[in-house]
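Reading the structure
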Amino acid sequence: MALPFLNSASKRGDQIIAIDLGGRTTKAVSMQRKAETWTLLNYALVDAPIYEKNLSPELLTEHLRAVCQSLDAKTRHVALCVGVADALVRHADLPQMPISDMRQILKNNPKNYLQQDLPGHLFDCYVIPPRAAAKAPEKPKIAAGPPKARVLVAAARKQFVDDMQAAVRNAGLIPEQISPGLLGPLNAFELSLPEVFAREVVALVDIGFKSTSVCILQEGELMLSRVVGIGGDKITSGLADALGISYAEAEGIKVGMPAEVQSNLEALVLPLGRELRASMDFFEHQYDRAVGQVFITGATSRSELILQMLQAELMAECKQWNPLAFMRFALPPVQTSEIEGVATQLTVAVGAGVSSF
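Report on the accompanying structure.

Calculation notes
Residues numbered from 1 in each chain as written. Predicted model: local features only at pLDDT ≥ 70, side-chain atom pairs only at ≥ 80, totals over all residues. Heavy atoms only, no water. Helix = DSSP H or I, 4+ residues; strand = E, 2+ residues; numbered from the N terminus. Buried < 20%, exposed > 50% of the residue type's maximum accessible area, 1.4 Å probe, protein only. Contact = heavy atoms within 4.5 Å. Core = buried A, V, L, I, M, F, W, Y, C linked by side-chain atoms within 4.5 Å. Pairing = 2+ DSSP bridges. Axes fitted to C-alpha atoms, helices over the stretch in contact; angles between N-to-C directions. Salt bridge = Lys/Arg side-chain N within 4 Å of Asp/Glu carboxyl O.

**Some remarks on the side chain of S211**
The topology assignment puts S211 in the loop between strand 10 (201–207) and strand 11 (212–218). According to the relative accessible area criterion, S211 is buried, its value standing at 18%. Excluding residues within four positions of it along the chain, S211 makes contact with V84, D206, V227, V228, G229, I230 and G231.

**A few points about the nonpolar core**
Ranked by size, the top nonpolar core spans 38 residues in total, and within it V29, L40, F189 and V350 carry the most contacts. Here this core takes 5 residues from helix 12 (residues 347–355), the largest share from any one element. Residues contacting V29, with those up to four places away along its chain left out, are I16, I17, A18, L40, N42, Y43, L71, L346, A349 and V350. Listed in part, the 34 residues of the second largest apolar core include I207, V269, V291 and V294.

**A closer look at the sheet that holds strand 8 (residues 148–157)**
Strand order in the open sheet formed by 3 strands is 6-8-7, with antiparallel pairing between adjacent strands. Looking along the sheet, the strands with just one partner apiece sit at the ends: strand 6 (88–95) and strand 7 (121–127). Adjacent strand axes in the sheet meet at a mean angle of 35 degrees, parallel and antiparallel pairs treated alike. The pairing of strand 7 with strand 8 spans 7 bridges and is antiparallel. Within strand 8, the position partnered with C125 by the bridge is V153. Sitting on the sheet, helix 2 (residues 99–108) is in contact with strand 6, strand 7 and strand 8, with an inclination near 135 degrees to strand 7.

**Comments concerning the pattern of salt bridges**
Counting across every chain of the model gives 14 salt bridges. One salt bridge connects R277 with D281, and the closest N-O pair in it is separated by 2.8 Å. In this pair, R277 and D281 are both assigned in helix 9 (residues 262–287), 4 residues apart and thus about one turn of the helix distant. Here E317 ties to K319 by a salt bridge, and the two come within 3.6 Å at their closest N and O atoms. K319 sits in the partly exposed class, given a relative accessible area of 26%. Through salt bridges with shared partners, one network takes in R277, D281 and E284.

Listed below in structure tokens is the structure:
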């Protein structure tokens, strides 16, 4: 599932560079696909040049050059995934028609389908296949109008997409795809845990720097997605303020987790847990299905104590998962020894790479 605002028709070969433009750290992978074999060739975690504001095309160009230099990739083809603040993902019911026509009616009348005006935006659509088990109504409705399709819609400002594309080209790279980062975990999860993806009701939670996304899947279909304005930065900053220590020290404690800071940490984590629980409650009441497991990624998910706190609040098993489980490694020796500790941070980038093939 890609929903790309840009999807190149160029011949890229069997390799791709996939870049997750994070709020504090950019995560990138160099991947190769041959038939059904996926190989991780390299990865990089690079500090973002600025945190609070969007990157200018010039700054992004230099940043992309630095990222690709770190990867030492053999390809110049790039798949970019953009953050939740820059790309909107929504469900909509649209008339059954070609994707190009769907994009056009969304451009002409977004408020009718997405409940808000979105001037100057680009749109893409993914038609959700009807469930095999779904039963047709016993009697057709009279004058029901043209048949509708359940569609996942992505939207982003055209100027933003144009700037991203220009920055990639100015860095000497080839823009292959630009897509919402929200969908990255879904694509990686489908390949990493295919049985769970296809058969269960689960929540995928990605704890980012400034915000957290939650996507609820029912037997492989994205049923609900939401973005919560609480991320790892808020937890770390709150811990630093409460303990009177530096941000770096608080980040280390958040992951290493001495027991004496548990009460301070609970006060910071529980608001996130309540927001996630509210999303799960909405889904469960709407569809009469319980979320069985919660799979969590992001740097904050490395803290076992935070996972335990979220599990107590969500009343469902919470666990970290490995987005690289389906891949072979052809990494430099140093990275091979470190990959287990950083794998959870590469989820969105890996998902973007998967969707580009």
